[in-house]
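Each chain, written out:
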Amino acid sequence: MSDDIDVLWINSSHVLQRFDRPLLRYISQYVNVAQWEYCYYKDEGSSIDEAVDLVDEFLGQYSHPIHLAGHGAGGAIALSFARRYPQKVQSLVLLAVASQPANTWHVNYYLQRQVFTMSREQVLASSVRHLFGEQPHNTTKKLMAVLCRDLEQSPLSHSLFKLMELPKGGVSMPMMICSSKNDPIVNSPALTGWLKEFKHEDYLWECPQGYHFFHYFYPQKICEQMLNFWQPYYLRPILTSPLVSRNLTN
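Report on the accompanying structure.

Here is what the cut-offs are and how they apply
Residues numbered from 1 in each chain as written. Predicted model: local features only at pLDDT ≥ 70, side-chain atom pairs only at ≥ 80, totals over all residues. Heavy atoms only, no water. Helix = DSSP H or I, 4+ residues; strand = E, 2+ residues; numbered from the N terminus. Buried < 20%, exposed > 50% of the residue type's maximum accessible area, 1.4 Å probe, protein only. Contact = heavy atoms within 4.5 Å. Areas by Shrake-Rupley, 256 points an atom, 1.4 Å probe, with all protein chains shown as cover. Expected span 1.5 Å × (residues − 1). Pairing = 2+ DSSP bridges. Phe/Tyr/Trp six-rings, centres within 6.5 Å; stacked < 30°, edge-to-face > 60°. Axes fitted to C-alpha atoms, helices over the stretch in contact; angles between N-to-C directions. Core = buried A, V, L, I, M, F, W, Y, C linked by side-chain atoms within 4.5 Å. Salt bridge = Lys/Arg side-chain N within 4 Å of Asp/Glu carboxyl O.

**Details of the overall build of the chain**
Thinking step 1. Check the secondary structure of the chain and you find 9 helices and 6 strands.
Thinking step 2. Expressed as a percentage of the 250 residues in the chain, the buried residues total 53%.
Thinking step 3. When contacts within the chain are restricted to residue pairs at least 6 apart in sequence, long-range pairs at least 24 apart make up 75% of them.
Thinking step 4. With the model as given, the accessible surface of the chain reaches about 11600 Å², and the carbon-plus-sulfur share is 50%.

**Describing the environment of L227**
Thinking step 1. For L227, the location among the structural elements is in helix α9 (residues 219-230).
Thinking step 2. Residue L227 is classed as buried on the basis of its relative accessible area, which comes to 0%.

**Notes on helix α5 (residues 120-132)**
One turn of an α-helix holds 3.6 residues; hence residues three or four places apart share an orientation.
Thinking step 1. If you check α5, its first and last C-alpha atoms are 18 Å apart, about what 13 residues at 1.5 Å a residue would give, namely 18 Å.
Thinking step 2. Among the residues of α5, those classed as buried are V123, L124, A125, S126, S127, V128, L131 and F132.
Thinking step 3. In the core, the buried residues of α5 are packed alongside α4 (105-115), α6 (137-153) and α8 (214-217).
Thinking step 4. Directly after α5, the chain includes G133, whose backbone phi takes a positive value near 85°.

**Section: the pairing of strand β2 (residues 33-37)**
Thinking step 1. Of the two faces of β2, the one lined by A34 and W36 is fully buried and the one lined by V33, Q35 and E37 carries no buried residue.
Thinking step 2. One ladder, built from 5 bridges, connects strand β1 (residues 7-11) with β2; its direction is parallel. Directly across from I10, in β2, lies its bridge partner W36.

**Points about the environment of V15**
Thinking step 1. By the secondary structure assignment, V15 is in the loop between β1 and α1 (21-27).
Thinking step 2. Using a relative accessible area of 1% as the deciding quantity, one classes V15 as buried.
Thinking step 3. When the C-alpha atoms of V15 and C148 are compared, they prove to be 9.6 Å apart, with 133 residues separating the residues in sequence.

**Looking at the side chain of S127**
Thinking step 1. Summarising the element assignment, S127 is placed in helix α5.
Thinking step 2. Each residue touching S127, except ones within four places of it in the same chain, is listed here: W105, Y109, Q112 and L147.

**A short note on the packing of aromatic side chains**
Thinking step 1. Scanning all chains against the criterion turns up 10 aromatic pairs.
Thinking step 2. Pairing F81 with Y85 gives two aromatic rings, centres 5.0 Å apart and planes at 40°, and the pair type is tilted. As far as the burial class goes, F81 and Y85 line up, both buried.
Thinking step 3. The interplanar angle of 5° and the centroid separation of 4.8 Å between the aromatic rings of F132 and F213 together place this pair among those described as stacked.

**Looking at the sheet that holds β1**
Thinking step 1. A sheet is described by the order of its strands in space; here 6 strands give the open sequence β2-β1-β3-β4-β5-β6, paired in parallel fashion. What marks the edges here is a single partner per strand, and that holds for β2 and β6 (203-207). Within this sheet the neighbouring strands show an average axis-to-axis angle of 20°, counted without direction.
Thinking step 2. Of the strand pairs in this sheet, β1 and strand β3 (residues 66-71) are connected by 4 bridges, and their pairing is parallel. The residue of β3 that forms the bridge with I10 is G70.

**Concerning unusual backbone geometry**
With the exception of glycine, the majority of residues adopt a negative phi angle, and the majority of peptide bonds are in the trans configuration.
Thinking step 1. Phi is positive for A96, close to 55°, though the residue is something other than glycine.
Thinking step 2. Secondary-structure assignment places A96 in the loop between β4 (89-95) and α4.
Thinking step 3. A positive phi angle, near 60°, is found at Y211, a position not held by glycine.
Thinking step 4. Inspection of the secondary structure assignment puts Y211 in the loop between β6 and α8.
Thinking step 5. On the accessibility criterion, Y211 (30% relative accessible area) is partly exposed.

**Some details on the nonpolar core**
Soluble globular proteins tend to bury their nonpolar side chains together.
Thinking step 1. The biggest cluster of nonpolar side chains holds 83 residues, and the ones touching the most others in it are L8, L92, V93, L94, L95, M226 and W230.
Thinking step 2. A per-element tally of this core places helix α3 (residues 73-84) first, with 7 residues.
Thinking step 3. The contact partners of V93, leaving out residues within four places of it in the chain, are L68, A69, G70, M176, C178, M226, F229 and W230.

**Observations regarding the pattern of salt bridges**
Pairs can form between side chains of opposite charge whenever their charged atoms are close.
Thinking step 1. Following the criterion strictly, the structure yields 4 salt bridges and no others.
Thinking step 2. Between D49 and R84 there is a salt bridge; the shortest N-O distance is 3.2 Å. On the criterion of sequence distance, the pair formed by D49 in helix α2 (residues 48-59) and R84 in helix α3 is long-range, its members being 35 residues apart.
Thinking step 3. A salt bridge links R84 to D53, with the nearest nitrogen and oxygen atoms 2.7 Å apart. Taken together, the residues span a long stretch of sequence, with R84 in helix α3 and D53 in helix α2 at a distance of 31 residues.

What follows is the structure, encoded as structure tokens:
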């Protein structure tokens, strides 16, 4: 295996990778990017620690520090890896990751199940609105199926009976936090804790809209911000062009 990747994108479940693809297609035009995906098997346990060990096994092929990035639970894995193996990470980009990294959309789902007298299907439909905005009925049904599978595949061991937490705090390498201004999951209060941990080279950027999966709807804009952040670390400069939004039915 040649030492030819600049960026490793961490994906937390197979069903969510479809929302990462538009951004990764843009990024791959400018840097060498690889995607690592957490695979969950029902007859095996799942945990953040296991995921971090698997990322370390994958990166054992490379002799140089890598730029890590991830969204949601994938970002939580990337953050946990960066804290455990700082010498292997050149920089860290986290999309839709709260200052309590375990507070992913799954927490919002389980809290609704605990507080409201709503069925699983009703809460999944509500979660679709929170994560993607209002969608046509057929699209909502498809997204509910995706979220249902992600609940099963996530390495975060949340449940109706217990919500897990991860250590708070920053990292030693440069870090960029990206969010959306209309994301009800990782909102402004959820980001406040990051600012207390920021170093002078760290950076917080908010997309004007796009809900929780803003990187799917506005991949080019997010790509520009990420590559500008990486540019001092010897990656190639990017070319700017008009922002292109996406429709979930594409």
